[in-house]
Amino acid sequence: MAIDFAALHEPLVEWFHEQTAAEATNYVTITPFCELHGLNGHQVFQLLYACKAWGLLDDGYAAMDDPAANLTPQGL
């Protein structure tokens with residue numbers, strides 16, 4: 001199943017705002033968001049990497065097995 005990451009990036013950024021109260025330094029795991037949208041473990045990381053490539057999220061301090069990130073200034 002092909003996932004339209006472009007369609008999910010805006011809802012994901014809005015979800016991040018809700019989870020972090022728009023505080024860019026707060027890291028949040030995106031797994032709950034992805035479960036709501038039916039993404040599997042591999043797709044969770046693909047969405048994270050796509051949003052990173054677009055400059056919306058940063059996962060610089062996240063653990064390798066935790067798809068967590070924080071909002072970048074562009075994401076805010």
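What counts as what
Residues numbered from 1 in each chain as written. Predicted model: local features only at pLDDT ≥ 70, side-chain atom pairs only at ≥ 80, totals over all residues. Heavy atoms only, no water. Axes fitted to C-alpha atoms, helices over the stretch in contact; angles between N-to-C directions. Helix = DSSP H or I, 4+ residues; strand = E, 2+ residues; numbered from the N terminus. Parallel < 35°, antiparallel > 145°, perpendicular 65-115°, else oblique. Contact = heavy atoms within 4.5 Å. Nonpolar A, V, L, I, M, F, W, Y, C, P; charged D, E, K, R; others polar. Pairing = 2+ DSSP bridges.

Draft legend 1. Representation of the packing of helix α1 (residues 5-20) against helix α3 (residues 41-53) within the structure. At a closest axis distance of 10 Å, the pairing of α1 and α3 adopts a crossing angle of 80°. Taken together, the axis directions place α1 and α3 in an arrangement best described as roughly perpendicular. Only Gln43, Gln46, Leu47, Ala50 and Cys51 of α3 make contact with α1, whose side of the interface consists of Phe5, Leu8, His9 and Leu12. The residue makeup of the contact of α1 with α3, split by class, is six nonpolar, three polar and no charged.

Draft legend 2. Highlighting the sheet that holds strand β3 (residues 68-71). Sheet architecture is open: three strands sit in the order β1-β3-β2, paired in antiparallel fashion. The open sheet terminates on both sides in strands that have one partner only, identified here as β1 (28-29) and β2 (57-58). As judged from the two bridges shared by β1 and β3, these two strands associate in the antiparallel manner. Bridge pairing in β3 links Val28 to Ala69.

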